[in-house]
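Okay, here's what each chain looks like letter by letter:
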Amino acid sequence: MASIVPALDLEREMQLMKLFPEAIRLHMLYKGTHHGFHLTTIFSKFDKVGRFILLVYLESGSVRGGYLSKPPKAKQEDGDAFLFELNPHSVSKYSPQDCSNAVVCRSNMLSFGGCLTLRHVSDLSLDLALDLGSDESYTRTGWVEGKRTAFVEVELHRVQDAWSVLLTCPWRIQAWTETDRDALKENLVSFKPACQSLKRVRVLLLGPAGSGKSSFINSVRSAMYGRVVLLPNIGISAEGFTKRLKCYDIRSEKGGKPTALTLCDVLALGDGETTGLTLPDALAVINGHAPEGHKFQSEAPIDAKCAGYRPEPSMNDKIHCAVFVLDACQVLTYSEGQQTTMRRFHSELSDLDIPQVVLLTHVDQVCHAVQEDVKFVYTSRILQEKMQKAAEVVGLSVSHVLPVKNYSSELSVSCNTDILLLNAVHYILQTVDDTFEDYCPPSPSPLSTGPQHSTSTPVTV
């Protein structure tokens, strides 16, 4: 079931959560377009114990459904059952008036009174028909669609206690205090590459459109400045907003001295070889040939004819770490073409001994506990699964995957969000130092030149 994604978007899922007095989470048991639209299949997915939600997605765009506080039987009282309707910006709940008729289950039908009924039929290709109405079994729904209402999807979910999604102990240890945030900021400000000939670390962000590359840059700046700042090119686009090679110095504060970290943004990765950033162009950037501001064009690959082309780039012109940025909401559904593209990039970069890391963004949008507080990120079973999948998509181990929450709708920064962002940066810099230790002469001893790194207690990653 891990690869089957519910049709319920986050906004409507949040609406549905509000119908319950306690915090809940949903675990999908059945999806019609995957399992087949057969009533017997739906019945087979009910557990012997538990609570359930049935969702029906209408062609009109509305979502209708019913809640069962116990598995369905031939006919049973269920005073806790209810019907509901989810629309883009509203939710309606209908309680039972006749508890004895709240849920009716027969071999050929599953019905909530006479208001919402799924029936087995033999004259339809789906073997499943939907009847909607309004009667005395529930508070008047006002549903008038009638028999054989057109629908596009049916789902069955188990209702669970929200906190059952959390592990007893975190699988990574992370401290969440303001002191730890300050230490991470100081580590970045005082960081100097261990490689003596390397003046600054240039990190290239790679990822599909909408994965959050530009937003990550904006968010790291926000964490350093102590307030949410905006880049002009951040937005939502199917193709992505970044079209040029853009490099951003990360400063200690607004208008302050640059740290030793530069984040580089490029055209989004595409679905296969014909769209998005090509591998030859990516390698030209990584090897330092591409000039700042270069506009990527599929018909004009980067070569010696390009304005500003560097034929003999120095080490400080090159990229020192590649970061794949993946969306936690999409990581289970990236196409085979997208996955092939990322694995090919990973393979080529590995041949060049370029260290690689994966950032998993939008972690707050896939787990409600994490949405409430990102400090639950390492105790969330859902996030653990997403991070394992992200590692698999690129071809790295899960130890190279770092969850982050970018600033999007917030107007002020949060300590725990800052810690996730700065911890990712800390890990990236450590990875670069570990890799270049074998290729470069070390920087002079701290005893002769002063401290090369912060003496603050490192934060565990």
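Only a predicted model underlies this, so the values are computations on that prediction, with no experimental measurement involved. (Residues numbered from 1 in each chain as written. Predicted model: local features only at pLDDT ≥ 70, side-chain atom pairs only at ≥ 80, totals over all residues. Heavy atoms only, no water.)

Trainee: Could you give me a rundown of the sheet that holds strand β12 (residues 201-206), with the residues and numbers involved?
Mentor: Spatially, the 6 strands line up as an open sheet ordered β13-β14-β12-β15-β16-β17, and their pairing is mixed. With partners counted over all chains shown, the strands left at the sheet margins are β13 (246-251) and β17 (401-403), one partner each. Strand-to-strand, the axes of this sheet are offset by a mean angle of 30°, without reference to chain direction. In the packing of helix α7 (residues 336-351) onto the sheet, the strands contacted are β12, β15 (321-327) and β16 (356-361), and the crossing angle to β15 comes to about 165°. Along the sheet face, helix α9 (residues 381-394) touches β15, β16 and β17 and points at about 140° away from the line of β16. (Pairing = 2+ DSSP bridges. Helix = DSSP H or I, 4+ residues; strand = E, 2+ residues; numbered from the N terminus. Axes fitted to C-alpha atoms, helices over the stretch in contact; angles between N-to-C directions. Contact = heavy atoms within 4.5 Å.)

Trainee: Explain the confidence of the model for the chain to me, and be specific about the residues and the numbers.
Mentor: When pLDDT is averaged across the chain, the result is 87; 90% of the residues are at 70 or more. Below a pLDDT of 50 lies the segment residues 445-461, which in the model reaches 31 contacts outside its immediate sequence neighbourhood of four places, other chains included. (pLDDT = per-residue confidence, 0-100.)

Trainee: So what's going on with the pattern of salt bridges? Residues and values would help.
Mentor: Under the definition given, this model contains 12 salt bridges. Taking the shortest distance from any N to any O, the salt bridge between Lys 213 and Asp 265 comes out at 2.7 Å. With Lys 213 in helix α5 (residues 213-225) and Asp 265 in strand β14 (residues 258-265), this residue pair connects regions lying 52 residues apart in the sequence. Given the relative accessible area of 1%, Asp 265 is considered buried. A network of salt bridges, in which partner residues are shared, links Arg 64, Glu 85 and Glu 145. (Salt bridge = Lys/Arg side-chain N within 4 Å of Asp/Glu carboxyl O. Buried < 20%, exposed > 50% of the residue type's maximum accessible area, 1.4 Å probe, protein only.)

Trainee: Tell me what's going on with a positive patch on the surface, and back it up with residues and numbers.
Mentor: Together, Lys 243, Arg 244, Lys 246 and Lys 295 line one region of the surface with positive charge. Relative to the elements of secondary structure, Lys 243 occurs in the loop between α5 and β13. (Patch = residues over 30% accessible without salt bridge, like charges linked within 9 Å, V, L, I, M, F, W, Y side chains within 5 Å. Areas by Shrake-Rupley, 256 points an atom, 1.4 Å probe, with all protein chains shown as cover. Lys, Arg positive; Asp, Glu negative; His and termini not counted. Charge placed at Lys NZ, Arg CZ, Asp CG, Glu CD.)

Trainee: Talk me through the pairing of β12; I want residue IDs and the actual numbers.
Mentor: Where burial is concerned, most of β12 is hidden: 6 out of the 6 residues are buried. Bridge count for β12 against β14 is 5 bridges, and the pairing is parallel. Each residue of the ladder has a partner; that of Val 201, found in β14, is Leu 261. Direction of pairing for β12 relative to β15: parallel, over a ladder of 4 bridges. Note that in β15 the partner of Leu 206 across the bridge is Phe 324.

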